[in-house]
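Chain and residue survey
Listed here are the chains, written in short residue letters.
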Amino acid sequence: MKSEDTLDWYPAQLPPVKIILGNAVLEVGKTGRPINTRTLLEYLQVTQKKLSGRDNKVAMQTAIEVLRDNQKINGRL
């Protein structure tokens, strides 16, 4: 699923997605690793496996897709 395919529900998920991304930045920063899309994606994918509850998983998947889309558009693989 791509983030452009989720525009029907993505605006409602914006606050939780912002919180998830903000927490990911803080946690990655605490480890001393560089804060970039790759490290944020790795952190979110590991964290996603530990989640319970559909709402949390939907917001987490949206955050991951937003980062992936951003990496495809603006980054180097």
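Criteria and thresholds
Residues numbered from 1 in each chain as written. Predicted model: local features only at pLDDT ≥ 70, side-chain atom pairs only at ≥ 80, totals over all residues. Heavy atoms only, no water. Helix = DSSP H or I, 4+ residues; strand = E, 2+ residues; numbered from the N terminus. Buried < 20%, exposed > 50% of the residue type's maximum accessible area, 1.4 Å probe, protein only. Contact = heavy atoms within 4.5 Å. Areas by Shrake-Rupley, 256 points an atom, 1.4 Å probe, with all protein chains shown as cover. Salt bridge = Lys/Arg side-chain N within 4 Å of Asp/Glu carboxyl O. pLDDT = per-residue confidence, 0-100. Expected span 1.5 Å × (residues − 1). Core = buried A, V, L, I, M, F, W, Y, C linked by side-chain atoms within 4.5 Å.

Regarding its fold elements, the chain presents three helices and zero strands. Seen in sequence order, the chain has helices and strands lined up from the N terminus as α-α-α. Put simply, the chain has 77 residues, and 31% of those count as buried. Considering only intrachain contacts with a sequence separation of at least 6, the fraction spanning at least 24 residues in the chain is 49%. With the model as given, the accessible surface of the chain reaches about 5400 Å², and the carbon-plus-sulfur share is 55%.

This next bit is on the pattern of salt bridges. Side chains that carry opposite charge are capable of pairing whenever their charged atoms lie near each other. Summed over the entire model, instances satisfying the criterion amount to three salt bridges. The salt bridge partner of glutamate 27 is lysine 30, with a shortest N-O separation of 3.4 Å. Taken together, the residues span about one helical turn, with glutamate 27 and lysine 30 both in helix H1 (residues 10-31) at a distance of three residues. For lysine 30, a relative accessible area of 65% puts it in the exposed group.

Structurally, isoleucine 35 can be placed in the loop between H1 and helix H2 (37-49). In contact with isoleucine 35, not counting residues within four places along its chain, are Val25, Val28, Gly29 and Leu40.

When the pLDDT values of the chain are averaged, the result is 81; 79% of them are 70 or greater. Averaged pLDDT values for the elements of the chain fall to 84 in helix H3 (residues 54-74) and rise to 92 in H2.

Given a rise of 1.5 Å per residue, 13 residues ought to cover 18 Å, and the 19 Å separating the end C-alpha atoms of H2 matches this to within 8%. Those residues of H2 that sit buried are Thr37, Thr39, Leu40, Leu41, Leu44 and Thr47.

As a further point, take the nonpolar core. Counting residues in each nonpolar core, the largest one holds twelve residues, listed as Val17, Ile20, Ala24, Val28, Leu40, Leu41, Leu44, Ala59, Met60, Ala63, Ile64 and Leu67. Secondary structure elements with two or more residues in this core: H1, H2 and H3. The element best represented in this core is H3, accounting for five residues. With residues up to four places along the chain from it excluded, the contact list for isoleucine 64 reads Leu41, Leu44, Gln45 and Gln48.

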